[in-house]
Amino acid sequence: MPSVSSSVPPATPPSRDAVVAALRTAGCVFAEDEAELILATARTPAEATAMVEGRVAGLPLELVVGWAGFRGLRIAVAPGVFVPRRRTEFLVEQALERAPGASVVVDLCCGSGAVGAALAAALGDIELHAADIDPVAVRCARGNIAATGGQVHQGDLFEALPVALRGRVNILAANVPYVPSDEIGLLPQEARDHEPMVALDGGTDGLDVLRRVAAEAPRWLAPGGCVLVETSRHQAPAAVEAFARAGLATRLAVSEELYAHVVTGVRPQAPQAPGPAGSPAR
Ligand SMILES: C[S@@+](CC[C@H](N)C(=O)[O-])C[C@H]1O[C@@H](n2cnc3c(N)ncnc32)[C@H](O)[C@@H]1O
């Protein structure tokens, strides 16, 4: 392996060619792009060397540089926190399409807080709440959504949220864990080795957490508000059924480009109370 390390702190960063060669030898398919990113991110020669060593040892690139790109934002990521995926940008787009004027937004199962941060960036002045069961994720999300004025809560799904949100939420985004337990072993090694099981494992058919979200969501949504989850092509019919069973007006949206499947459920508007017979229309 081409060496980029030494026992004394280097005075100059490793050359681009040396970094590309080291990354390529380690099996990085996009070695040139990764080398550019590492050299542009490292603040000192020693940091550049440490980053290359981390990547060569198999750390995900996002953990090496400390951030992931998501809808044009730099989302800070930390060891033990799920790295936001490009395909989840489709969930954000669906939310913005269904509720363009949303003012109360919840990012449930928030991980790094990427979804909430992206919604806040697109919607402007909103009341944002994010929540996760994992304290490591909560700490990371706090950093990412601090600038929006949003709050991050820790706890099991809706138990984490302030009760005052009930019936007021316009967008409830919930990128829940949805990998079936016996398919965890098929995930890329970077996910298996560096992301916590609680972020991946969705139970026997992958839909345990999703079903809980579907069942509880109507109590938290405002009339016309929507809940959105990401799922897989294979799981989509059962996910749609869980939403419909909860009384939500349900739709499946698919992005072939991002290979993303998002189920949206809208809480129906309360029926208009009929006016007294013969009352004048106004
Ligand atoms: C697939 S990750 C998604 C993270 C983030 N929303 C994203 O899109 O990058 C799922 C997240 O759900 C959290 N989680 C799992 N079970 C939970 C539960 N019962 N209550 C709250 N959060 C939970 C995990 O800690 C993890 O951060």
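Residues numbered from 1 in each chain as written. Predicted model: local features only at pLDDT ≥ 70, side-chain atom pairs only at ≥ 80, totals over all residues. Heavy atoms only, no water.

Within the protein chain, the regular secondary structure consists of 11 helices and 9 strands. C-alpha extents for the protein chain along the principal axes are approximately 90 × 40 × 30 Å. Counting all 282 residues of the protein chain, 48% fall into the buried class. When the accessible area of the protein chain is evaluated, it comes to approximately 13700 Å², of which 54% is carbon and sulfur surface. With 23 positive and 31 negative side-chain charges, the protein chain shows a separation of 7 Å between the mean positions of the two kinds. (Helix = DSSP H or I, 4+ residues; strand = E, 2+ residues; numbered from the N terminus. Buried < 20%, exposed > 50% of the residue type's maximum accessible area, 1.4 Å probe, protein only. Areas by Shrake-Rupley, 256 points an atom, 1.4 Å probe, with all protein chains shown as cover. Lys, Arg positive; Asp, Glu negative; His and termini not counted. Charge placed at Lys NZ, Arg CZ, Asp CG, Glu CD.)

Take the nonpolar core next. By size, the foremost hydrophobic cluster in this structure holds 34 residues, and its most contacted members are Val-105, Leu-119, Leu-123 and Ile-171. Elements with a minimum of two residues in this core: helix H5 (89–98), helix H6 (114–123), strand E4 (127–132), helix H7 (135–145), strand E6 (169–174), strand E7 (221–231) and strand E9 (260–266). With 7 residues, the single largest contributor to this core is H6. Not counting residues within four places of it along the chain, the set of residues in contact with Ile-171 comprises Ala-95, Ala-99, Ala-102, Val-104, Val-105, Val-106, Leu-119, Leu-123, Cys-226 and Leu-228. Formed by 29 residues, the second largest nonpolar core is a distinct cluster that contains Val-169, Val-213, Ala-239 and Val-263. (Core = buried A, V, L, I, M, F, W, Y, C linked by side-chain atoms within 4.5 Å. Contact = heavy atoms within 4.5 Å.)

Attention now goes to the site of the ligand. Close contacts around the ligand come from 19 residues, with Cys-109, Asp-132, Asp-156, Leu-157 and Asn-175 the closest. Within the side chain of Asp-132, a nitrogen or oxygen atom sits 2.6 Å from an oxygen atom of the ligand. Contact with the protein chains covers 96% of the free accessible surface of the ligand, which is 600 Å². Of the residues belonging to the shell around the ligand, the class tally is 11 nonpolar, 4 polar and 4 charged. (Near = heavy atom within 4 Å. Polar contact = N/O pair within 3.5 Å; in protein donor to acceptor, adjacent residues only side chain to side chain. Nonpolar A, V, L, I, M, F, W, Y, C, P; charged D, E, K, R; others polar.)

Our next topic: the packing of aromatic side chains. Aromatic ring pairs: the centre-centre distance and the angle between the two ring planes describe each pair. In the structure shown here, the tally under the stated rule is 1 aromatic pair. With 5.6 Å between their ring centres and 25° between their planes, Phe-158 and Trp-220 make a pair best called stacked. Here Phe-158 is found in the loop between strand E5 (151–154) and E6, whereas its partner Trp-220 is found in helix H10 (residues 208–220), with 62 residues between them in sequence. Given a relative accessible area of 2%, Trp-220 falls into the buried group. Arg-74 extends its terminal NZ or CZ atom over the ring of Trp-67, reaching a point 3.9 Å from the ring centre. (Phe/Tyr/Trp six-rings, centres within 6.5 Å; stacked < 30°, edge-to-face > 60°. Lys NZ or Arg CZ within 6 Å of the ring centre and 35° of its normal.)

At their nearest, the axes of H5 and H6 sit 10 Å apart, and the two run at 40° to each other. When the axes of H5 and H6 are compared, the pair comes out oblique. Along this stretch, H5 crosses H6, giving a crossing that reads as right-handed. Contacts between H5 and H6 involve Leu-91, Val-92, Ala-95 and Leu-96 on the former and, on the latter, Val-115, Ala-118, Leu-119, Ala-122 and Leu-123. (Axes fitted to C-alpha atoms, helices over the stretch in contact; angles between N-to-C directions. Parallel < 35°, antiparallel > 145°, perpendicular 65-115°, else oblique. Left-handed = near helix turned anticlockwise from the far one by under 90°.)

Moving on, we get to the domain arrangement of the protein chain. Assigned domains within the protein chain: domain 1 (4–58) and domain 2 (86–266). Here the C-alpha centroids of domain 1 and domain 2 sit 35 Å apart. (Domains from an automatic or database assignment.)

A few words on the UniProt feature "domain: Methyltransferase small" (unreviewed entry) in the protein chain. On the UniProt side, "domain: Methyltransferase small" (unreviewed entry) is annotated at positions that read residues 75–162 here. Within residues 75–162, the helical portion is 35% and the strand portion 19%, while the C-alpha atoms at the span's ends are 25 Å from each other. (UniProt positions renumbered as here; feature names shortened; annotations may be inferred.)

Opposite charge on two side chains permits pairing when their charged atoms draw close. Scanning the entire structure with this criterion turns up 17 salt bridges. Of the charged contacts in the structure, one is a salt bridge between Arg-55 and Glu-34, with a shortest N-O distance of 2.7 Å. Here Arg-55 is found in helix H3 (residues 45–56), whereas its partner Glu-34 is found in helix H2 (residues 31–41), with 21 residues between them in sequence. Glu-34 carries the same exposure label as Arg-55, and that label is buried. Between Glu-47 and Arg-43 there is a salt bridge; the shortest N-O distance is 2.6 Å. Each of Glu-34, Arg-55 and Glu-190 takes part in one network of salt bridges that share partners. (Salt bridge = Lys/Arg side-chain N within 4 Å of Asp/Glu carboxyl O.)

Before going further, it helps to examine the sheet that holds strand E8 (residues 249–255). The sheet built from 7 strands is open, its strands ordered E5-E4-E3-E6-E7-E9-E8 with mixed pairing. Where the open sheet ends on each side, the last strands, each with one partner, are E5 and E8. Across the sheet, the mean angle from the axis of one strand to that of its neighbour is 20°, orientation sign disregarded. Most of the contacts of H7 go to E5, to which it runs at about 175°, and overall it touches E4 and E5. (Pairing = 2+ DSSP bridges.)

The next point concerns the pairing of E8. Moving residue by residue along a regular strand, the side chains alternate between the two faces of the sheet. Across 7 bridges, E8 lies against E9 in antiparallel orientation. Across the sheet, the residue bridging to Thr-250 is Gly-265, located in E9.

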